[in-house]
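An overview of the molecular structure
Listed here are the chains, written in short residue letters.
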Amino acid sequence: MEERVIPERVREKLKLLPENPGVYLMKDAAGKIIYVGKAVVLKNRVRQYFQSQRNHTPKVRAMVANVADFETIMTTSEVEALILECNLIKKHRPRYNISLKDDKSYPYVKVTLQDDYPRVFLTHRIAKDGARYFGPYTNVTAVHESLKLLRRLFPLRNCKTLQDRPCLEFHIKRCLAPCAGKVAKEEYDAMIQSVLLFLEGRTETVERELDARMKAAAEDYRFELAARLRDQLAAVRKVAEKQNIVTGAGDQDAIGMARAAAGVCVQVFFIRSGKMIGREHFLLRGSEDESDEALLAAFLQQYYHRATFIPREILLPMDIGERELLETWLAEKKHAKVLIEVPQRGTKHDIVAMAASNAEKFLADEAAKIQQANAQTLGAVEELGKYLGLKKLPNRMECFDISHIQGSETVASMVVFEGGLPKKSDYRRFKIQSTEGKPDDFLSMREVTQRRYGDLPEDELPDLIVIDGGKGQLSSALEIIRGAGHKDVPVVGLAKQFELVFREGESDPVVLPRHSQALYLIQRIRDEAHRFAITYHRNLRGKRNLVSVLDHIVGIGPTRRKALWSTFGTMAKIKAASVDELAAAPGMNRPAAEAVYQFFEAQRELKGENIE
C-alpha cells in the first residue's frame, strides 16, 4: 500500500508534541475539525496516526488522508482530557468521530426551581440557571405524554409569567392559581417535590409523602386539600402498577447494544429504586469499521456527558478498556461512587440481555420501515410503469385536478411526485378564467394544460401526466399537449370511481390490482391534487366573502378592502380589531377605521353580543 505523504506543517508539529495527557484536533485543508481524540501521552498517540498505516482501519486511513493540520490541548489529567473531548465532540460534531445521531434535538424536562412557583416544561437547552433537568429523551411523543400525565396529577402553573388574576386554567381546576395567592407556597413547594420524585422514578416515596399529607390535611379538617391529595395518590399508584420490579434495590442503567445493516442502536433501561421506569434508544453514526467496545465506550462518554442523572450502577453487555477512567469521571460528576459492571449471570445479566434484544428489535423494525418505504416509493414507481406499459419509469409525475362550486371560483391544481414522494416546491395552482360563471371541466382542463405545457421545453416535461377525470378530461388535455408538439410524454386519465386508468387511444381502462403499491401511489397523487385544489378554492372563496361584507361599509373601496385583507388575513381579526389597529393598515385613515369599527359594533349589538 502506498503511504501518504505527510504535509510539511504536520511534520513540524509532530516533532513538538508534548508527553502530557490532553486532546488532539485533526483538521482538513479548509481548517475544519474532522476528528477529536484524547490521549494519556499526546506524543505517542498522535504520532501513531502518521506511522505505517497497515494496521489502521479503512476509516482511520480515510481520516488521516484528509488531515492537513492538527492542534493539541494539554490537560492535567486523563479525566480532564475525557471531559474536554466530550465537549469538543458535542460542539464541532467531527465527521470521523462516533457520535449520537441528531443529539442536538434530544429534549429535556425542565423544572424551574429558581422560581417562587416553579413550572415544568420541555426544553432542548441546558443552562446553569438553578433549574433541574431530566433527560435526554429520544421519544418526544412519550415525553409530551409524560408531561400531560404530570399536569393531570399535579395542578402546576403553566404560564410564563404570573398574572394579576386567575386564568381559565384555575377555573377548570388545572392550576392552583399561585398568581392570586390561592395556594400557600408551602403546599406548592410540596407538590414540586413530589413532581421531582416522580420524574426520578421514585413513585414509592411519592406515595408515602402523598399519603402522609392527605392524612394530615384530613386531621386539620382541610377536606378539599385532602380530596385533591387522595386523587393524586390514586393516580400515582396506577402509574406505579405498570412498573415491574427487576432487581433488588438501588439505581441502575442497563445498557444493551445491537448492530445491523440499518446501523448501531444502544438501548438504555432506567431502573430506579429497583423498578424499571422507562427506556430510551440511541442511534450512533460513524460506526463503520469500529469495534463493539469502541462504540460502547464512545456512547457512554457522550450520553453521560449530557445526562442529568447518573445512577449508582451501570450494567454493560461487554467490558471496555476505559472502565476505570469512566468510573472516576462519573464519580466526580455524581459526587458519589459509580460502579460499571459486566454481569455474567443472574437478574442483572438478564436485564442487559433484554436491553440488547430491544435494540435488535428496534433495528429490525427500522429495516422493515425502510423496506416498506422503498416499496411505497421507488417500488411503486416501478410497478406503476410496468402496469401502464411505459417505456420509461414515471420518476416525475404531474397530476391535475379542477375544483369549483357551480362554476364559481374555478381553480386547478398541479401536484408533483418525484421518486414516489411529493415535491411540494414544484406545486402550482391556477385560477381558471375561461369558464368563470359556467362550469366546464373540459374547457378548464384545456386552459390549465395550455398554460403548463404550451411553451414548455421538451427536456422539462415529466415522465407521466395524470389527469384527474375520465375519457373526456383526458381528451381535452391530450388535444393541447399533443398540439404543443409533445408527442412522447405519456398522459393518462384517472376515473373518479374505482381508480380506473385510461390510456391514450385505448377504450378499455387499466385496472390496477387491489392492494398493489401502484394503486396506492396513484391514489396518493390524486388525493394530494384534490386537497391542494380544494385548499386554494377555499382561500379564494374566503376572500370573496370578506369583500362582499366590506362592500357595505361607506368609504371602503377596493384598495382599502385589499389593505384590510393583507393586514389582518381573516374576517374574525378585522371584526376584533380596534380603531387604532384598523387605522394603522396601509391606505386606511381614522374616519375609515371608525366606519369599519362602527359597522361591526352595530352588528354585535343587533346580535346581543355587546355585553357590559
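Structure shown above.
Residues numbered from 1 in each chain as written. Predicted model: local features only at pLDDT ≥ 70, side-chain atom pairs only at ≥ 80, totals over all residues. Heavy atoms only, no water.

We now examine the sheet that holds strand β1 (residues 22–27). Taken together, the three strands give an open sheet; going across it, the order is β2-β1-β3, and neighbouring strands pair in antiparallel fashion. On the outer flanks of this sheet lie β2 (33–39) and β3 (69–74), each paired with one strand and no other. Between one strand axis and the next, the sheet turns through 20° on average, direction left out of account. Judged from the six bridges that link them, β1 and β2 form a sheet pairing that is antiparallel. Looking at β2, one finds that G22 is bridged to A39. Most of the contacts of helix α2 (residues 42–49) go to β1, to which it runs at about 25°, and overall it touches β1, β2 and β3. (Pairing = 2+ DSSP bridges. Helix = DSSP H or I, 4+ residues; strand = E, 2+ residues; numbered from the N terminus. Axes fitted to C-alpha atoms, helices over the stretch in contact; angles between N-to-C directions. Contact = heavy atoms within 4.5 Å.)

With that settled, consider the packing of aromatic side chains. For the structure on display, the rule yields 13 aromatic pairs. The interplanar angle of 10° and the centroid separation of 5.4 Å between the aromatic rings of F299 and Y303 together place this pair among those described as stacked. One end of the pair is F299 and the other is Y303, both in helix α10 (residues 292–306) and four residues apart, which spans about a single turn. What makes F299 buried here is its relative accessible area of 0%. Members of the aromatic cluster, connected to one another through ring pairs, are F282, F299, Y303 and Y304. Lying over the aromatic face of F70, K13 brings its terminal NZ or CZ to 5.9 Å of the ring centre. Positioned above the aromatic ring of Y387 is the side chain of K386, whose terminal nitrogen or guanidinium carbon lies 5.1 Å from the ring centre. (Phe/Tyr/Trp six-rings, centres within 6.5 Å; stacked < 30°, edge-to-face > 60°. Buried < 20%, exposed > 50% of the residue type's maximum accessible area, 1.4 Å probe, protein only. Lys NZ or Arg CZ within 6 Å of the ring centre and 35° of its normal.)

This paragraph deals with a negative patch on the surface. A cluster of acidic residues, E458, D459, E460 and D488, forms a negative patch on the protein surface. The exposed category is assigned to D488, whose relative accessible area is 67%. (Patch = residues over 30% accessible without salt bridge, like charges linked within 9 Å, V, L, I, M, F, W, Y side chains within 5 Å. Areas by Shrake-Rupley, 256 points an atom, 1.4 Å probe, with all protein chains shown as cover. Salt bridge = Lys/Arg side-chain N within 4 Å of Asp/Glu carboxyl O. Lys, Arg positive; Asp, Glu negative; His and termini not counted. Charge placed at Lys NZ, Arg CZ, Asp CG, Glu CD.)

Spatially, the six strands line up as an open sheet ordered β4-β10-β9-β8-β11-β12, and their pairing is mixed. Lying at the two open borders of the sheet, with one neighbouring strand each, are β4 (99–100) and β12 (339–341). Pairing between β4 and strand β10 (residues 275–285): two bridges, direction antiparallel. Bridge pairing in β10 places S99 opposite R285. Along the sheet, helix α11 (residues 323–334) makes contact with β11 (313–315) and β12, crossing β12 at roughly 145°.

Turning to the packing of helix α4 (residues 78–92) against α10, a few remarks are in order. Two elements in contact, α4 and α10, have axes whose closest approach is 10 Å; the angle formed by their N-to-C orientations is 80°. Between α4 and α10, the crossing angle belongs to the class labelled roughly perpendicular. Between α4 and α10, the residues in contact are L82, I83, E85, C86, N87, I89 and K90 and Q301, Q302, H305 and R306, respectively. Tallied by class, the residues present in the contact of α4 with α10 amount to four nonpolar, four polar and three charged. (Parallel < 35°, antiparallel > 145°, perpendicular 65-115°, else oblique. Nonpolar A, V, L, I, M, F, W, Y, C, P; charged D, E, K, R; others polar.)

Don't take any of this as a statement about function, it's just geometry.
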